[in-house]
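Spelled out, the chains give:
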Amino acid sequence: MVAQLPVALAADYTVVIDKMTFGAVPAELHVGDTITWQNNDIFRHTATARDKSFDVDLPAKSEAVMTVGAAGSVAFYCKFHPGMKGTLVIAP
Ligand SMILES: [Cu+2]
């Protein structure tokens, strides 16, 4: 009999940017998941990792998808509005 290995399915999450603030980030993130950054503002934003592991450009009223690449705790911010920030906690 063949053992059934658990299959980790990649999950898709959305982080909404609204009124100059990053919304809630996924509580349970794993490498291979995708995050759609959705900018609802009339301003351009970015989602930029302090460790440079990602840098997503988000023109006004746009969205962009990124795949989570590495485990760890990654602080991020907006290059244009440094007060906008958050942290992704990514499990392997
Ligand atoms: Cu911004």
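Residues numbered from 1 in each chain as written. Predicted model: local features only at pLDDT ≥ 70, side-chain atom pairs only at ≥ 80, totals over all residues. Heavy atoms only, no water.

Participant: I keep staring at the overall build of the protein chain and nothing clicks. Help me out?
Facilitator: Secondary structure assignment for the protein chain yields zero helices and nine strands. In sequence order, the secondary structure elements of the protein chain are arranged as β-β-β-β-β-β-β-β-β. For the protein chain, the C-alpha atoms occupy an extent of roughly 60 × 25 × 20 Å along the three principal directions. Across the 92 residues of the protein chain, 32% fall into the buried class. Within the protein chain, contacts between residues separated by at least 24 positions form 45% of all contacts whose residues are at least 6 apart in sequence. Between the centroid of the 7 positive side chains of the protein chain and the centroid of its 9 negative side chains there is a distance of 11 Å. (Helix = DSSP H or I, 4+ residues; strand = E, 2+ residues; numbered from the N terminus. Buried < 20%, exposed > 50% of the residue type's maximum accessible area, 1.4 Å probe, protein only. Contact = heavy atoms within 4.5 Å. Lys, Arg positive; Asp, Glu negative; His and termini not counted. Charge placed at Lys NZ, Arg CZ, Asp CG, Glu CD.)

Participant: Just to check I follow, could you spell out the sheet that holds strand S2 (residues 21–22) for this structure?
Facilitator: Strand pairs in the sheet, formed through backbone hydrogen bonds, run parallel or antiparallel to each other. Spatially, the four strands line up as an open sheet ordered S2-S1-S4-S7, and their pairing is mixed. At either end of the open sheet lies a strand with only one pairing partner, and these are S2 and strand S7 (62–67). Both strand S1 (residues 12–18) and S2 contribute to a ladder of two bridges, which runs antiparallel. Paired with Ile17 across the strands is Phe22, a residue of S2. (Pairing = 2+ DSSP bridges.)

Participant: I'm lost on the packing of aromatic side chains in this one. Help?
Facilitator: For the coordinates displayed, the defined rule picks out five aromatic pairs. The interplanar angle of 35° and the centroid separation of 6.1 Å between the aromatic rings of Trp37 and Phe54 together place this pair among those described as tilted. Taken together, the residues span a long stretch of sequence, with Trp37 in strand S4 (residues 34–39) and Phe54 in the loop between strand S5 (45–49) and strand S6 (55–58) at a distance of 17 residues. Grouping residues by exposure puts Trp37 and Phe54 together as buried. Each ring, one from Phe54 and one from Phe76, has its centre 6.5 Å from the other, and the planes form 50°; the classification is tilted. A residue pair is termed long-range when its members are at least 10 positions apart, and Phe54 in the loop between S5 and S6 and Phe76 in strand S8 (residues 72–77) qualify at 22 residues. We note that Phe54, like Phe76, is buried. Feature note: the residues Phe22, Trp37, Phe54 and Phe76 constitute an aromatic cluster, connected by ring pairs. In this arrangement the basic side chain of Arg50 is found over the ring face of Tyr77, its NZ or CZ atom lying 4.3 Å from the centre. (Phe/Tyr/Trp six-rings, centres within 6.5 Å; stacked < 30°, edge-to-face > 60°. Lys NZ or Arg CZ within 6 Å of the ring centre and 35° of its normal.)

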